[in-house]
Amino acid sequence: MNRRTVLQSAGVVAMTGLAGCLDGVQEHFGLQGVVPIEIENEADNPYNLQLEAYDTESGRQTYEESFSVTPQVRTSPQHLERTHQRFRIVRFDLDDEPMEVREVSITSETQLVTILLSEDDLVVDVDRGEAPGNETVTAPESPVADERDEDDVVDEEIDATNARGY
């Protein structure tokens, strides 16, 4: 066997072993990386936000940031750790009363969290790259049936039955 081939093979084996060690060191010391956060305020008013993250296993708070986002501005607060945690966003109105709350999950696959503010909505988009589980959280929609009275629904069913001639 050629000496050059032996040295190349030894180099490949050493690099492969070193790559495995680096992954082990990262896992052991919790060096999972960071998740950038982008906030865009498309509204005409400034809003105060409170961002919090909690470890899913222990419930311990791992992140807390509070700040004001001016109108028509995009900003990036301090990054989150790329670990399993619940990320909570609270938007306050101009009187510092909680207006909306959204909660999403952060995993080791999370690449980016985007928060979009508008006059009437707060949208949180979690990008997990190619991994399954990308999510967008908006305000829950209230069903139309809940807005109607129970008697109205019964009356409509009776009217429909009478119209069919039963």
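Here the structure is shown first, and the text comes after it.
Procedures and definitions
- Residues numbered from 1 in each chain as written.
- Predicted model: local features only at pLDDT ≥ 70, side-chain atom pairs only at ≥ 80, totals over all residues.
- Heavy atoms only, no water.
- Helix = DSSP H or I, 4+ residues; strand = E, 2+ residues; numbered from the N terminus.
- Buried < 20%, exposed > 50% of the residue type's maximum accessible area, 1.4 Å probe, protein only.
- Contact = heavy atoms within 4.5 Å.
- Areas by Shrake-Rupley, 256 points an atom, 1.4 Å probe, with all protein chains shown as cover.
- Pairing = 2+ DSSP bridges.
- Axes fitted to C-alpha atoms, helices over the stretch in contact; angles between N-to-C directions.
- Phe/Tyr/Trp six-rings, centres within 6.5 Å; stacked < 30°, edge-to-face > 60°.
- Salt bridge = Lys/Arg side-chain N within 4 Å of Asp/Glu carboxyl O.

K.L.:
What exactly am I supposed to notice about the overall build of the protein chain here?
P.N.:
Along the backbone of the protein chain there are 3 helices and 11 strands. Ordering the α and β elements of the protein chain from the N terminus gives α-β-β-β-β-β-β-β-β-β-β-β-α-α. For the protein chain, the proportion of its 166 residues judged to be buried stands at 25%. For the protein chain, the proportion of contacts with a sequence separation of at least 24, taken over those separated by at least 6, is 53%. For the protein chain, the exposed surface amounts to about 11200 Å²; the carbon and sulfur share of it is 50%.

K.L.:
Sorry, what's going on with the sheet that holds strand 3 (residues 47-55) here?
P.N.:
Sheet strands pair by backbone hydrogen bonding; their relative direction is either parallel or antiparallel. The strand order across the open sheet formed by 4 strands is 4-3-7-8, and the pairing between neighbours is antiparallel. Only two strands of the sheet have a single neighbouring strand rather than two, namely strand 4 (61-69) and strand 8 (98-106). This sheet shows a mean twist of 15 degrees between the axes of neighbouring strands, independent of strand direction.

K.L.:
Honestly, the packing of aromatic side chains in this entry has me stumped. Any pointers?
P.N.:
Between two aromatic rings, the relevant description is the distance of the centres plus the angle of the planes. One pass over the full model with this rule turns up 1 aromatic pair. Between Tyr63 and Phe87, the aromatic rings sit 6.2 Å apart at their centres with planes inclined by 65 degrees, giving edge-to-face as the arrangement. Here Tyr63 is found in strand 4, whereas its partner Phe87 is found in strand 7 (residues 85-92), with 24 residues between them in sequence.

K.L.:
Please clarify how the pairing of strand 8 should be interpreted in this entry.
P.N.:
Residues in a regular strand project their side chains so that they alternate between the two faces of the sheet. The sheet contact formed by strand 7 and strand 8 spans 8 bridges and is antiparallel. Of the residues in strand 8, the one forming a bridge with Arg86 is Ser105.

K.L.:
Can you walk me through the pattern of salt bridges in this structure?
P.N.:
When charged atoms on two side chains of opposite charge get close, those side chains can pair. Under the criterion given, the structure shown has 7 salt bridges. Among the salt bridges present, the one from Arg88 reaches Glu52, with a minimum N-O distance of 3.3 Å. Of this pair, Arg88 sits in strand 7 while Glu52 sits in strand 3, and the two are 36 residues apart along the sequence. Its relative accessible area of 28% is what places Arg88 among the partly exposed residues. The shortest N-O distance in the salt bridge between Arg102 and Glu100 comes to 3.1 Å. Taken together, the shared-partner salt bridges in this structure form one network comprising Arg91, Glu100, Arg102 and Asp121.

Function-wise, these values are silent; they only describe arrangement.
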